[in-house]
Amino acid sequence: MSYLVRGYLEEDELPPKPSKERLEERAVAYIECPQEIPCSPCIESCKYDAIRMENINAPPEMDYEKCNGCMQCIRVCPGLAIFMLRLKDGKGYVTLAHEFLPWPKKGQEVVLLNRKGEEVGKGKVTWVLPPERNDQTSLVRVEIDPDLIFDVRAIRIIEEGE
Amino acid sequence: MRLEDHPIVKFKRGKEVTIYFNGKPVKAYEGETVASALYAAGIRTFSRSFRFHRPRGFFCAIGKCSSCLMEVDGIPNIRVCKVYVRDGMRIKTQNSFPNADSDLLGFLDSIIDRFYPHGSHYKKFNRPRILREFVTKQIRGFAGAGDPPKKVFEGNASYEKIETDLAVIGGGPAGMSAAIFAARAGAKVILMDENPFLGGQLVKQTHRFFGSGRHRAGTRGIRIAEILADEIKELKNIDVRYETKVFGIYNGVVGAVERDKKLLEILPKKIVVATGAYERTLVFENNDLPGVYGAGGVQTLMNVFGIKPGNVGLIVGSGNVGLILTYQLMQAGIKVAAIVEAMPRIGGYFVHAAKVRRLGVPIYTGYTIQRAIGKKKVEAAEIVKLDEKWCAVKGTEKRIDCDFICIAIGLSPTHELLYQAGCKMRFIPELGGLVPLRNRYGETTVEGVYVAGDVAGIEEATAAMMEGRIAGIDAAIKIGYGGDEALKVREEVVRDLKEFREGPFGERIVSGLKKVSIEELQEAEA
Ligand SMILES: Cc1cc2nc3c(=O)[nH]c(=O)nc-3n(C[C@H](O)[C@H](O)[C@H](O)COP(=O)(O)OP(=O)(O)OC[C@H]3O[C@@H](n4cnc5c(N)ncnc54)[C@H](O)[C@@H]3O)c2cc1C
Ligand code: SF4
Ligand code: SF4
Ligand code: FES
């Protein structure tokens with residue numbers, strides 16, 4: 001339970017990863033929610049039976065084969081703990097929930113942050129779900145180095161003159 | 001200091017008005033409290049302490065701590081965090097000369113203990129009597145709480161007697177749920193809250209809630225408040241009284257004051273007490289310095305009134321409240337220098353911690369705050385590492401620059417009404433403090449008086465709503481409403497609540513509840 005001392009997951013604490021083939025097929029939800037907490041909107045929102053949870057306190061478990069990438073779960077997760085991952089044509093894509101101003105825009109270059117808030121590079125925003133379409137939680141997809149899809153967990157907008 | 005843009009909240013400001021603070025005009029907007037308008041104008045010293053004349057700022061912003069007492073339109077000792085601005089209002093700081101900000105009596109703080117230590121008024125200057133009377137009069141001039149009002153009340157006071165089925169005290173998620181479920185079963189309900197709006201703590205929770213979807217998890221707290229308020233509007237048998245403070249329960253009769261003008265005598269068949277909780281503070285050097293705030297106070301200022309509490313904050317406590325507050329501060333464009341947590345690990349949910357950690361906020365586990373630094377307001381804080389015996393480790397002190405400090409170490413139930421009503425109470429640390437004994441439906445040892453929500457034990461909104469539903473339905477059933485359907489709903493909610501508490505975060509609550517459950521106590525006796 002040392003992630004509870006640090007506030008982030010280390011590599012060996014990550015949930016099982018979907019295979020490279022699976023990631024190349026289509027986007028898949030990756031859930032970083034290891035602790036037993038009384039929470040269940042993710043499973044209640046999934047219409048494809050891709051999330052398992054024995055009871056409301058059990059941590060969610062993914063069945064990557066069943067996930068069709070519909071993004072319902074990531075829209076409602078109060079822990080902002082779900083990320084959509086994808087590999088395509090040698091590029092990596094991470095879709096994450098974002099609730100800060102200024103709202104990111106398609107085409108914009110942004111700074112990529114890992115779980116500890118360290119900058120790990122830059123990426124390009126390729127798609128945005130406008131905040132007003134999801135009660136002010138925007139979804140943002142960034143195109144990144146494919147080796148970084150299990151590291152990038154937040155973005156920072158580059159300020160003018162930076 | 002007013003926030004214009006916010007990712008989640010749209011601040012609707014009322015008409016611009018002018019209030020007068022110690023004679024100087026201050027711009028404010030209708031709908032703001034006096035305290036928030038003063039804060040937005042840069043005023044940080046709200047009062048002076050009783051004896052030492054130390055500067056005090058606001059702390060709780062919900063009328064529970066008294067550090068914001070001022071004279072309003074000639075009436076002393078008003079909690080300005082509970083009073084809404086009106087054009088031309090005159091506000092004066094009290095117990096200071098010439099005013100709280102530059103109180104000449106502030107020098108007493110550094111010398112009074114040398115000349116006049118605690119208890120001196122029993123020992124010094126006692127004889128002859130004439131000397132005692134003279135000195136007492138002088139001291140009362142230095143220490144004290146404001147001047148008596150110069151005029152008598154001239155408004156129109158009125159009185160109303162109300163007969164009803166159920167009186168619900170407190171309009172947070174617990175009280176609102178109790179009212180809705182009792183009314184749906186057919187009961188006539190009066191719902192009272194001292195605020196001009198319903199929602200309780202929910203009105204400042206801009207984040208999406210945890211819990212089960214059936215109890216609105218995944219929805220923002222502020223929206224849950226709106227949804228419940230809409231449901232209440234639909235129900236014609238709920239009479240909502242805003243700005244109504246309940247001051248006592250006397251053999252089943254509820255006494256309240258509506259909008260400071262009308263006395264209510266309510267004769268209900270049953271009562272649900274859902275008064276919520278207030279914030280605890282922490283002992284450290286200078287913990288009364290303006291700039292040391294309760295976490296909920298900062299949330300109120302920022303998320304309800306749209307006013308920035310400062311530029312850089314330090315958060316003490318890594319429970320959910322501290323973690324969520326950190327995230328909310330960052331959403332308002334405010335920097336958080338660090339979160340300190342005395343326990344060796346984070347107290348709240350991991351996912352809440354991960355949210356702020358990935359934005360670069362350091363979390364110091366095994367650390368505590370040692371003192372606040374600053375003369376008239378917070379300029380920095382000193383934190384220190386703790387060893388296994390909770391003692392500060394010398395040489396590990398760190399200075400953290402910040403202009404405000406949020407204390408997020410927990411809440412205590414607002415239990416006074418229950419105690420006064422004669423309910424059997426117990427001090428249960430797992431539940432946050434003094435709480436009443438109750439049966440499985442929330443009825444206390446005083447027949448017909450129910451308890452629900454944080455005042456029954458500090459938990460969270462999902463549990464508060466479930467407890468409210470159970471108390472509301474049970475009260476309706478006992479009065480004779482609802483029939484089999486109501487019985488079914490009641491048992492369903494009882495089951496949901498039990499499942500909800502089955503995880504590790506519920507363990508503590510469950511062990512606390514055992515100690516106040518009337519059924520368990522009877523079983524133990526038998
Ligand atoms: C930062 C923070 C984050 C939180 N996050 C979550 C979360 O993610 N999920 C979750 O489920 N919960 C969360 N909670 C907890 C949740 O907000 C509370 O548990 C819940 O609001 C308790 O509801 P309540 O109805 O018991 O009390 P309150 O909401 O406190 O309502 C009590 C009401 O009673 C009124 N009142 C008190 N005394 C009187 C009187 N004498 N006369 C008239 N009216 C009176 C008050 O004005 C108030 O409106 C959070 C709390 C905080 C502070
Ligand atoms: S993305 Fe859709 S299918 Fe996949 S887990 Fe989430 S809700 Fe289920
Ligand atoms: S909704 Fe999010 S926080 Fe809640 S259990 Fe699912 S993944 Fe975890
Ligand atoms: S009573 Fe007003 S700030 Fe606490």
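Anyway, here's the lowdown on the structure attached to this text. (Residues numbered from 1 in each chain as written. Chains lettered and ligands numbered in written order. Predicted model: local features only at pLDDT ≥ 70, side-chain atom pairs only at ≥ 80, totals over all residues. Heavy atoms only, no water.)

### Re the nonpolar core
Then comes step 1: By size, the foremost hydrophobic cluster in this structure holds 109 residues, and its most contacted members are Val142(A), Phe46(B) and Leu329(B).
Then comes step 2: Take this core: its biggest share by element is 6 residues, from helix α1 (residues 34-40) of chain B.
Then comes step 3: Ignoring anything within four residues of it in the chain, the contact list for Val142(A) reads Gly92(A), Tyr93(A), Val94(A), Val110(A), Leu112(A), Lys124(A), Val125(A) and Ile155(A).
Then comes step 4: In this structure, Ile180(B), Ala182(B), Ala464(B) and Val489(B) belong to the second largest nonpolar core, which totals 46 residues. (Core = buried A, V, L, I, M, F, W, Y, C linked by side-chain atoms within 4.5 Å. Buried < 20%, exposed > 50% of the residue type's maximum accessible area, 1.4 Å probe, protein only. Helix = DSSP H or I, 4+ residues; strand = E, 2+ residues; numbered from the N terminus. Contact = heavy atoms within 4.5 Å.)

### Quick notes on the site of ligand 2
Then comes step 1: Around ligand 2, a shell composed of 14 residues is seen, among which Cys46(A), Cys67(A), Cys70(A), Met71(A) and Cys73(A) lie nearest.
Then comes step 2: A class-by-class count of the residues in the shell around ligand 2 yields 11 nonpolar, 3 polar and no charged. (Near = heavy atom within 4 Å. Nonpolar A, V, L, I, M, F, W, Y, C, P; charged D, E, K, R; others polar.)

### Focus on the layout of surface pockets
Residue and element names in this part refer to chain B.
Then comes step 1: The space that makes up the second largest pocket amounts to roughly 1000 Å³.
Then comes step 2: Forming the boundary of the second largest pocket are 23 residues, of which Ile75, Ile78, Val83, Arg86 and Asp260 lie nearest the centre.
Then comes step 3: Here the residues of the lining of the second largest pocket sort into 9 nonpolar, 1 polar and 13 charged. (1 Å grid on protein atoms, 1.4 Å probe; cavity = no way out; pocket = protein on both sides within 12 Å on 5 of 7 lines; lining within 4 Å. Points joined across faces, edges and corners; volume = space filled by probe spheres on them.)

### Focus: the pairing of strand β2 (residues 24-29) of chain B
Residues and elements named next belong to chain B.
Then comes step 1: Across 6 bridges, the pairing between strand β1 (residues 16-21) and β2 is antiparallel. Its bridge partner lying in β2, Tyr20 is registered against Pro25.
Then comes step 2: Hairpin connection from β1 to β2: 2 residues lie between these consecutive antiparallel strands, with Asn22 at a positive phi of about 45°. (Pairing = 2+ DSSP bridges.)

### Looking at a nonpolar patch on the surface
Then comes step 1: Residues Tyr159(B), Phe247(B), Tyr250(B) and Leu263(B) make up a contiguous nonpolar surface patch of roughly 420 Å² in combined accessible area.
Then comes step 2: Judged by its relative accessible area of 43%, Phe247(B) is partly exposed. (Patch = residues over 30% accessible without salt bridge, like charges linked within 9 Å, V, L, I, M, F, W, Y side chains within 5 Å. Areas by Shrake-Rupley, 256 points an atom, 1.4 Å probe, with all protein chains shown as cover. Salt bridge = Lys/Arg side-chain N within 4 Å of Asp/Glu carboxyl O.)

### As for the site of ligand 3
Then comes step 1: In the vicinity of ligand 3, the contacting residues are Ile31(A), Cys33(A), Cys39(A), Pro41(A), Cys42(A), Met53(A), Pro60(A), Cys77(A), Pro78(A), Gly79(A) and Phe210(B).
Then comes step 2: In this structure, ligand 3 is bordered by residues of chains A and B.
Then comes step 3: Within the shell around ligand 3, the residues separate by chemical class into 10 nonpolar, 1 polar and no charged.

### So, the environment of Cys391(B)
Residue and element names in this part refer to chain B.
Then comes step 1: For Cys391, the location among the structural elements is in the loop between β20 (380-385) and β21 (398-401).
Then comes step 2: Taking relative accessible area as the criterion, Cys391 reaches 41% and is therefore assigned partly exposed.
Then comes step 3: Here the alpha-carbon distance between Cys391 and Ser66, two residues 325 residues apart in the chain, equals 31 Å.
Then comes step 4: Contact partners of Cys391, with chain neighbours within four places excluded, come to Lys385 and Leu386.

### Here we look at the packing of helix α8 (residues 320-331) of chain B against helix α9 (residues 350-357) of chain B
Residue and element names in this part refer to chain B.
Then comes step 1: Orientation of α8 relative to α9, taken along the N-to-C sense of each, is 30°, at an axis distance of 9 Å. Considering their axes alone, α8 and α9 lie roughly parallel with respect to each other. The interaxial crossing formed by α8 with α9 has left-handed handedness. Seen from α8, the contacting residues are Asn320, Leu323, Ile324, Thr326 and Tyr327; seen from α9, they are His352, Ala353, Lys355 and Val356.
Then comes step 2: By residue class, the composition of the contact of α8 with α9 is 5 nonpolar, 3 polar and 1 charged. (Axes fitted to C-alpha atoms, helices over the stretch in contact; angles between N-to-C directions. Parallel < 35°, antiparallel > 145°, perpendicular 65-115°, else oblique. Left-handed = near helix turned anticlockwise from the far one by under 90°.)

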